[in-house]
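Okay, here's what each chain looks like letter by letter:
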Amino acid sequence: MAKGSPDQSQLVDLSTLPIPALSHMQQQVEQEIELLSNSMSSLKVIQQRFEESRESVAKLGSRPVDNELLLPLTSSLYVPAKLQDTDSLLLDIGTGFYVEATAEKAENYFKRRVEKLTKQLEMVQQNLVEKNKLRSVVLEVLQLKVSTQAQSAGGPQ
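For the structure given in this document, a descriptive report is provided here.

Definitions and limits used
- Residues numbered from 1 in each chain as written.
- Predicted model: local features only at pLDDT ≥ 70, side-chain atom pairs only at ≥ 80, totals over all residues.
- Heavy atoms only, no water.
- Helix = DSSP H or I, 4+ residues; strand = E, 2+ residues; numbered from the N terminus.
- Rg over C-alpha atoms; globule rule 2.2 N^0.38 Å.
- Buried < 20%, exposed > 50% of the residue type's maximum accessible area, 1.4 Å probe, protein only.
- Contact = heavy atoms within 4.5 Å.
- Phe/Tyr/Trp six-rings, centres within 6.5 Å; stacked < 30°, edge-to-face > 60°.
- Pairing = 2+ DSSP bridges.
- Patch = residues over 30% accessible without salt bridge, like charges linked within 9 Å, V, L, I, M, F, W, Y side chains within 5 Å.
- Areas by Shrake-Rupley, 256 points an atom, 1.4 Å probe, with all protein chains shown as cover.
- Salt bridge = Lys/Arg side-chain N within 4 Å of Asp/Glu carboxyl O.
- 1 Å grid on protein atoms, 1.4 Å probe; cavity = no way out; pocket = protein on both sides within 12 Å on 5 of 7 lines; lining within 4 Å.
- Points joined across faces, edges and corners; volume = space filled by probe spheres on them.
- Nonpolar A, V, L, I, M, F, W, Y, C, P; charged D, E, K, R; others polar.
- Core = buried A, V, L, I, M, F, W, Y, C linked by side-chain atoms within 4.5 Å.

Let's shift gears to the overall build of the protein chain. When helices and strands are counted, the protein chain shows two helices and four strands. Scanning the protein chain from its N terminus toward the C terminus, one meets helices and strands in the order α-β-β-β-β-α. Whereas a compact globule of 157 residues would reach a radius of gyration of roughly 15 Å, the protein chain reaches 27 Å, over 25% beyond that. Each of the three principal axes of the protein chain carries a C-alpha extent, and together these read 90 × 45 × 25 Å. Here the protein chain holds 157 residues, and 19% of them are scored as buried. Once local pairs closer than 6 in sequence are excluded, the contacts in the protein chain between residues at least 24 apart make up 54%.

Take a look at the structure:
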């Protein structure tokens, strides 16, 4: 590690590592890529839900009071309901906590959440690109070492 910066990663020349270490490194990078890909998928789903909520709040304001609608109880069960107040909403902010907010505040809340998730997705995407580059380099060095080893073992006798 470099002096004065204990958090900085130590650079390693991959060509100096033995084949088992390179193989282990490749497996580790593959696992990290899978984890990052799963994280991206989860973040995209959450981002889409917040965006749908924001759009629903925006549409809600244009509905007249006493307008009939179907209220979802589950993904396949709905009950008829009448809209009483479109400006006082109850927001699920996670882990069983709810906050009462106006439609404008609710829409701003969902907009902020979408923006935050977009930034997180960009960071994860950047990390995923770096891990894919690292995987390519490790695989290239590993293949080179394996072919060199095979040539030296099966060389002229």
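Counted according to the given criterion, the structure contains three aromatic pairs. Between F50 and Y109 the ring centres are 6.3 Å apart and the planes differ by 85°, which places this aromatic pair in the edge-to-face class. Taken together, the residues F50 in helix α1 (residues 19-60) and Y109 in helix α2 (residues 103-153) connect sequence positions 59 residues apart. With 6.0 Å between their ring centres and 40° between their planes, F50 and F110 make a pair best called tilted. Taken together, the positions of F50 in helix α1 and F110 in helix α2 put the pair 60 residues apart, joining distant regions of the chain. We note that F50, like F110, is buried. Joined through ring pairs, the aromatic side chains of F50, Y109 and F110 make up one cluster.

The next thing to look at is the pairing of strand β1 (residues 68-72). In this sheet, strand β2 (residues 78-82) lies alongside β1 in antiparallel orientation, the contact comprising five bridges. When the sheet's bridge partners are listed, L71 is paired in β2 with V79. Hairpin connection between β1 and β2: a loop of five residues separates the two successive antiparallel strands.

Moving on, we get to a nonpolar patch on the surface. There is a patch of nonpolar side chains on the surface, built from L71, L73 and L77 and spanning about 270 Å² of accessible area. Summarising the element assignment, L71 is placed in strand β1.

Next up on the list: the layout of surface pockets. Roughly 810 Å³ of volume is contained in the largest pocket. Around the largest pocket, the lining comprises 22 residues; the ones closest to its centre are S53, S56, V57, L60 and L90. Elements with a contribution of two residues or more to the lining of the largest pocket: α1, β1, β2 and β3 (88-94). The element that contributes the greatest number of residues to the lining of the largest pocket is α1, accounting for nine residues. Class assignment for the residues of the lining of the largest pocket results in 14 nonpolar, two polar and six charged.

If you look at the biggest cluster of nonpolar residues, it comprises 21 residues, and the most contacted ones within it are F50, V57, L89, L91, A106 and F110. Only α1, β3 and α2 provide two or more residues apiece to this core. Of the residues forming this core, the biggest block, nine residues, is contributed by α2. Core analysis: the next-biggest nonpolar cluster, separate from the first, contains six residues, L14, L17, L22 and V138 among them.

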